[in-house]
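Chain by chain, the residues:
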Amino acid sequence: MVGLVLAAAVAGLVLGDTWLWAAVEWSSPAYAKFYARGGFDTLTVAALLVAAPVKAAFLWLILRAPAPGPLDRREKALRRLLYLAVAYTLVLHHLIALLPDAADTAFQLALWTAIDVLYLLVIRWRSRMLRAAAGAMFAVELAGMADELLDELDLPELGSGDAVELGLILGGLAATVITVVGQRRDGRWSRGTQAVGWLSVSAYVLVIPLSILFARISGGSPAMLVIMDAVGLLSTVWIAATARELPAEGHPADLPPARRRVIRVAVAAVAVLPVIALIHPEQTPRLTYTGWSMDCHDRPGFGDLKPAERDAAFLCRARSTDGGVPPMFPDSLSDQGILAYGRALCRAKDRDEQQAILTRAGSARSAWGADPWDLVYVCPEIVGATHPELLRSTKETEAANTAYIAEENAKCRDPWPRTKGVVQATANYFLFVDGDPGYLVHDPGDEAVDEAAEQAMDKVYDDSSLIGVADSAALIGHVEDVTDLCLTVKAFRTAPPRRTAGWDQVNEVPIISRSGRLTVPEMGEDGEVGAGAPMPNLAIAGKGRYRLRVYVRVGKAGEEHLVAVFPGTSRKRLKLKR
């Protein structure tokens, strides 16, 4: 078997990277093209050649004939299910992968539920407490699989959060650990099988530190996938050995002294390697947070953080790649280095000095300088002196925004206080600071409203009235270069008096309501654009055609708009006052 796999690997080496991958990884050559479209690097080829004999040896251990001996009904069922689990790992998962993901997860859940129940019945635990502990660990393992199945089916999961996910993962490892302990107390399984069980657990424990270490060395090479795939076969070897040795009665013969020394060295290496992988020379950059860290997506306000958490928040922003922009500092800089550069940026006298500091740090954003909302986390006393709003918590920011909107709304007055509409509202309408063509009066329930709004925007500059109309949407432009304006909307059952005196321009246009609604967008959660107060439904007669009369003037109070809406079938545009 070893010779056959090695021969296939050598043939793959001659035929090309894709066939080498297929011979060693036992998967379609298409996966090789996915992982390395331009061919494998030297490190990956070396990993494949090393993995070939290792996986061949593991396969020989897996395919060894079962030990002879009588089995009762439960033991026969357990052996068959364990070999089914082995077959799934080697072959069946390729076929089941053609089905929906939920089918694969459901199959594994059913298979391991049966295996865990038979483990409790077949293994001679020799302790009720140990059997109960095994049942608890098996339950946690199965809960993790059930949680994954619920996720695949888009159903409410058993729990959420990193703590729950970590608990389920550790529960799965604990289930393997306690099964190996049960095998030792039972006495039917050899020390070699028990050692492979311990090594399979250790392989999973080593995945995270070794992945981090190897990623820094390999620079994203798929060689790590090859290595972890080979090491992952340890659990399959252990499952096959567990099935093979089920009939053996009594304590198995001790291993030769040489083999026992090898196992001890392997176990010691597994215990020490994680520590070695996490210890680096003093000059090696210490990277607590990267742009991909999950905690970095929260982006809390300065006032929401404890003093000990602020440095980490700055590190998140300094390494962030949100929006496809390069990070402020390169990954080669340690946490300490980034914090030192950040405080130097705070003390910079001007933008040019900031750019010089970023250039020295090797930043890809040196031409941009640094923003105060990023620097506030490392030097609040400096940034807060000129930008005190950046020191607020989320609640304080929301309260300040609410107060500001209420203050701006209070500056706006109803220009027709004696002419009451069936429904009406007066508020400040906030526009984009960098230039917004105007505001919409539209039917939000119309399926084609987005297309109509785009057409209205295209038409807004075609007429001197600055009103673009397209079916169920009208975009009303502003006259002055402003960032907000006072807007009053009123709905009438019949056309109100024209009253053009005191207004700079008055225009009337048609509009349609297909859903029985006409309104003006309100300010959203982002607090940037929209009316500062709730806007009513102006289509008071339900579905149909309406007339939209727009009054505009500019005075000491700024730009004011009055929008009067009333039923009307006319499709003409009228300029009541130019």
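It should be emphasised that the depicted structure is a prediction, and the values quoted were computed from it without experimental measurement. (Residues numbered from 1 in each chain as written. Predicted model: local features only at pLDDT ≥ 70, side-chain atom pairs only at ≥ 80, totals over all residues. Heavy atoms only, no water.)

**Overview of the packing of aromatic side chains**
What describes a pair of aromatic rings is the distance from one ring centre to the other and the angle between the planes of the rings.
Then, number 1: What the rule picks out here adds up to eight aromatic pairs.
Then, number 2: Ring centres of Phe302 and Tyr377 lie 6.1 Å apart, and the angle between their planes is 55 degrees; on these two criteria the pair is classed as tilted. A residue pair is termed long-range when its members are at least 10 positions apart, and Phe302 in the loop between helix H11 (257-278) and helix H12 (310-318) and Tyr377 in the loop between helix H15 (372-375) and helix H16 (380-386) qualify at 75 residues. As far as burial versus exposure is concerned, Phe302 and Tyr377 are alike and both buried.
Then, number 3: Relative to Tyr341, the ring of Phe329 has its centre 6.0 Å away and its plane inclined at 25 degrees; by these criteria the two rings are stacked. Of this pair, Phe329 sits in the loop between H12 and helix H13 (335-347) while Tyr341 sits in helix H13, and the two are 12 residues apart along the sequence.
Then, number 4: Using a relative accessible area of 0% as the deciding quantity, one classes Phe329 as buried. (Phe/Tyr/Trp six-rings, centres within 6.5 Å; stacked < 30°, edge-to-face > 60°. Helix = DSSP H or I, 4+ residues; strand = E, 2+ residues; numbered from the N terminus. Buried < 20%, exposed > 50% of the residue type's maximum accessible area, 1.4 Å probe, protein only.)

**So, the pattern of salt bridges**
Then, number 1: Per the stated rule, a full pass over the model turns up 13 salt bridges.
Then, number 2: Measuring nitrogen to oxygen at the nearest pair gives 3.7 Å for the salt bridge that ties Asp371 to Arg351. Of this pair, Asp371 sits in the loop between helix H14 (351-360) and H15 while Arg351 sits in helix H14, placing them 20 residues apart in sequence.
Then, number 3: For Arg351, a relative accessible area of 38% corresponds to the partly exposed category.
Then, number 4: Among the salt bridges present, the one from Arg549 reaches Glu508, with a minimum N-O distance of 2.9 Å. Of the two residues, Arg549 sits in strand E8 (residues 544-555) while Glu508 sits in strand E6 (residues 505-513), which places them 41 residues apart along the sequence. (Salt bridge = Lys/Arg side-chain N within 4 Å of Asp/Glu carboxyl O.)

**Here we look at the nonpolar core**
Generally speaking, soluble globular proteins have nonpolar side chains that are buried together.
Then, number 1: Ranked by internal contacts, the top residues of the largest apolar core, which has 40 residues, are Leu78, Trp112, Ile115 and Tyr119.
Then, number 2: Those elements that place two or more of their residues in this core are helix H4 (42-62), helix H5 (73-96), helix H6 (101-122), helix H7 (128-152), helix H8 (162-186), helix H9 (191-218) and helix H10 (223-244).
Then, number 3: Per-element tally for this core: the top contributor is H6, with eight residues.
Then, number 4: If near-sequence neighbours (up to four positions away) are discounted, Trp112 is found in contact with Ala85, Leu142, Met145 and Ile239.
Then, number 5: Membership of the second largest hydrophobic core comes to 30 residues, among which are Ala427, Ile511, Ala539 and Val552. (Core = buried A, V, L, I, M, F, W, Y, C linked by side-chain atoms within 4.5 Å. Contact = heavy atoms within 4.5 Å.)

**Quick notes on a negative patch on the surface**
Then, number 1: On the surface, Asp101, Glu148, Asp151, Glu152, Asp154 and Glu157 cluster together into a patch of negative charge.
Then, number 2: The biggest single contributor to the negative patch is H7, with three residues.
Then, number 3: Here Glu148 is to be found in helix H7. (Patch = residues over 30% accessible without salt bridge, like charges linked within 9 Å, V, L, I, M, F, W, Y side chains within 5 Å. Areas by Shrake-Rupley, 256 points an atom, 1.4 Å probe, with all protein chains shown as cover. Lys, Arg positive; Asp, Glu negative; His and termini not counted. Charge placed at Lys NZ, Arg CZ, Asp CG, Glu CD.)

**Describing the pairing of strand E4 (residues 473-477)**
Then, number 1: Most of E4 sits out of view: five of its five residues are buried.
Then, number 2: Here E4 shows a buried face lined by Ala473, Leu475 and Gly477 and a second buried face lined by Ala474 and Ile476.
Then, number 3: In the sheet, strand E2 (residues 438-442) pairs with E4 via five bridges, with the strands oriented antiparallel. Looking at E4, one finds that Leu440 is bridged to Leu475. (Pairing = 2+ DSSP bridges.)

**Remarks on unusual backbone geometry**
Then, number 1: Backbone geometry at Leu466 places phi at a positive 60 degrees, although glycine is not the residue there.
Then, number 2: Assignment of secondary structure puts Leu466 in the loop between helix H18 (449-459) and strand E3 (467-470).
Then, number 3: Judged by its relative accessible area of 21%, Leu466 falls in the partly exposed class.
Then, number 4: In this structure, Arg499 takes a positive phi of about 45 degrees despite not being glycine.
Then, number 5: By the secondary structure assignment, Arg499 is in the loop between strand E5 (484-491) and E6.
Then, number 6: Looking at Arg499, the relative accessible area reads 43%, which means it is partly exposed.

**Observations regarding the confidence of the model for the protein chain**
Then, number 1: On average, residues of the protein chain score 82 in pLDDT, and 79% of them reach the 70 mark or higher.
Then, number 2: Every residue in residues 270-284 is under pLDDT 50, and counting partners more than four places away or in other chains gives 11 contacts.
Then, number 3: Predicted confidence for residues 290-294 stays below pLDDT 50, and this span has seven contacts to residues more than four positions away or in other chains. (pLDDT = per-residue confidence, 0-100.)

**Observations regarding the pairing of E8**
Regular strands place side chains that alternate from one sheet face to the opposite one.
Then, number 1: Sheet analysis places E6 next to E8, joined by nine bridges and oriented antiparallel. Within the sheet, the bridge partner assigned to Ile511 lies in E8 and is Tyr546.
Then, number 2: With 10 bridges connecting them, E8 and strand E9 (residues 558-567) associate as antiparallel partners. Note on E9: the bridge partner recorded for Tyr551 is Leu562.

**Let's talk about the state of the cysteines**
Then, number 1: A complete count under the given rule lists two disulfides for this structure.
Then, number 2: One disulfide in the model links Cys346 with Cys379; its S-S distance is 1.7 Å. On the sign convention where negative means left-handed, the S-S torsion of about -70 degrees between Cys346 and Cys379 marks this disulfide as left-handed. With Cys346 in helix H13 and Cys379 in the loop between H15 and H16, the pair connects residues that are 33 residues apart, well separated along the chain. Side by side, Cys346 and Cys379 carry an identical accessibility label, which is buried.
Then, number 3: Bridging Cys412 to Cys486, the disulfide has an S-S length of 2.1 Å. Between Cys412 and Cys486, the disulfide has an S-S torsion of -80 degrees and is therefore left-handed. (Disulfide = S-S within 2.5 Å.)

**Comments concerning the packing of H4 against H10**
Then, number 1: Close contact between H4 and H10 brings their axes to 9 Å; oriented N to C, the two are set at 5 degrees. By the angle between their directions, the pair H4 and H10 is classed as roughly parallel. Contacts between H4 and H10 involve Leu43, Thr44, Ala47, Leu48, Ala51, Lys55, Phe58, Leu61 and Ile62 from the first element and Ala223, Val226, Ile227, Asp229, Ala230, Leu233, Leu234, Thr236, Val237, Ala240 and Arg244 from the second.
Then, number 2: In the contact of H4 with H10, the residues fall into 15 nonpolar, two polar and three charged. (Axes fitted to C-alpha atoms, helices over the stretch in contact; angles between N-to-C directions. Parallel < 35°, antiparallel > 145°, perpendicular 65-115°, else oblique. Nonpolar A, V, L, I, M, F, W, Y, C, P; charged D, E, K, R; others polar.)

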